[in-house]
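Spelled out from the first residue to the last, the chains are:
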Amino acid sequence: MIPTPVRFDVVTLFPEFFESPLRIGLVGKALRQGIAEVHLTNPRDFAADKHRRVDDEPYGGGVGMVLKPEPFFAAVASLPCLDPREIILLTPQGQPLNQALLRELAQKAQLILLCGQYEGFDERICQYLATREVSLGDFVLTGGEIPALALIYGVIRLLPGTVGKVDSLKKESFEEGLLDYPQYTRPAEFLGYKVPQVLLSGNHEAIARWRLQQQLVRTWQRRPDLLAKRPLTPEEQQLLAEGLAEQHTEVEKQDARELSQLPSQPC
Ligand SMILES: C[S@@+](CC[C@H](N)C(=O)[O-])C[C@H]1O[C@@H](n2cnc3c(N)ncnc32)[C@H](O)[C@@H]1O
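Since the model is a prediction, treat every value here as computed from it, not as a measurement. (Residues numbered from 1 in each chain as written. Predicted model: local features only at pLDDT ≥ 70, side-chain atom pairs only at ≥ 80, totals over all residues. Heavy atoms only, no water.)

A. Region of the structure containing the pattern of salt bridges. One pass over the structure, following the stated rule, counts 13 salt bridges. A salt bridge links D45 to R52; its shortest N-O distance comes to 3.0 Å. In this structure R52 comes out as partly exposed when scored by relative accessible area, which is 37%. For E104, the salt bridge is made with R132, and the minimal N-O distance between the two is 2.6 Å. In this pair, E104 sits in helix α3 (residues 99-105) while R132 sits in strand β7 (residues 132-135), placing the two residues 28 residues apart along the sequence. Here R132 falls in the buried class, since its relative accessible area comes to 16%. Residues participating in the shared-partner salt-bridge network are E86, E104, K108 and R132. (Salt bridge = Lys/Arg side-chain N within 4 Å of Asp/Glu carboxyl O. Buried < 20%, exposed > 50% of the residue type's maximum accessible area, 1.4 Å probe, protein only. Helix = DSSP H or I, 4+ residues; strand = E, 2+ residues; numbered from the N terminus.)

Right, dumping it as structure tokens:
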């Protein structure tokens, strides 16, 4: 059975922003193959007044302009309604976007993405139109278009058929609670820098062990917060301890090499 395409509806004042990013790479291919659909709706087309205004001054005073509720409610009302769906408002105040959330959203039939601009949305859009608020991270951008695109890219990547081998998704960073292992390709030596010998050995068991060890060491060093949420098996604990000890020895060896290359002090 051919799965129904996931439908994204992006409500944006700048639909042209999405043109090229939705044509390229795996996302462009997935859209051409009908794995997902992206529809762009401009709330300005639903503004009631003759100037097609979508923003106004904030009640109570203050700088900047606030997005009016009517064009956004009308834009969403004009869309078809698929079940299950989410109406996601992009805002720095929302739930942080992560891999677990992307996986959850990839189960929906329709994702409506509301992109803000200026000072953001009238609070009634957040409270009574959106079903969820999502943030790209703890920083403020000028608009919700980049966060919406990041979400679209992240979800489409997870849809069956977008990425060739399902196994390659499983090993990516954050899947299974760990960062990805380092990857190498030809040549085996470049500017004197060598690919780790184990990867050239053809010993699949040793390669798998080395990769898991790299994942554990990287996650421990770069994102210990992830390991706090993912208990390690005794074997993984041992692999991690060995990996860290090995690195320590490598650093000592490197220090010794560098020391031996220092010009000797004149007497
Ligand atoms: C300048 S921001 C408004 C920020 C808002 N006044 C605040 O401080 O929460 C304009 C729009 O950009 C989008 N935006 C900015 N940063 C974002 C982030 N980190 N995640 C998601 N959307 C963001 C939102 O759609 C927002 O309405």
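B. Local environment of the site of the ligand. The local shell around the ligand holds 21 residues, among which L90, Q93, L136, F139 and L141 are the closest. Here an oxygen atom of the ligand and a backbone polar atom of L90 are 2.6 Å apart. Between the ligand and T91 there is a distance of 3.3 Å, counted from a nitrogen atom to a backbone nitrogen or oxygen. If the ligand stood free it would expose 580 Å²; the protein chains cover 85% of that surface. Within the residue set of the shell around the ligand, elements represented by two or more residues are β5 (85-96) and β7. (Near = heavy atom within 4 Å. Polar contact = N/O pair within 3.5 Å; in protein donor to acceptor, adjacent residues only side chain to side chain. Areas by Shrake-Rupley, 256 points an atom, 1.4 Å probe, with all protein chains shown as cover.)

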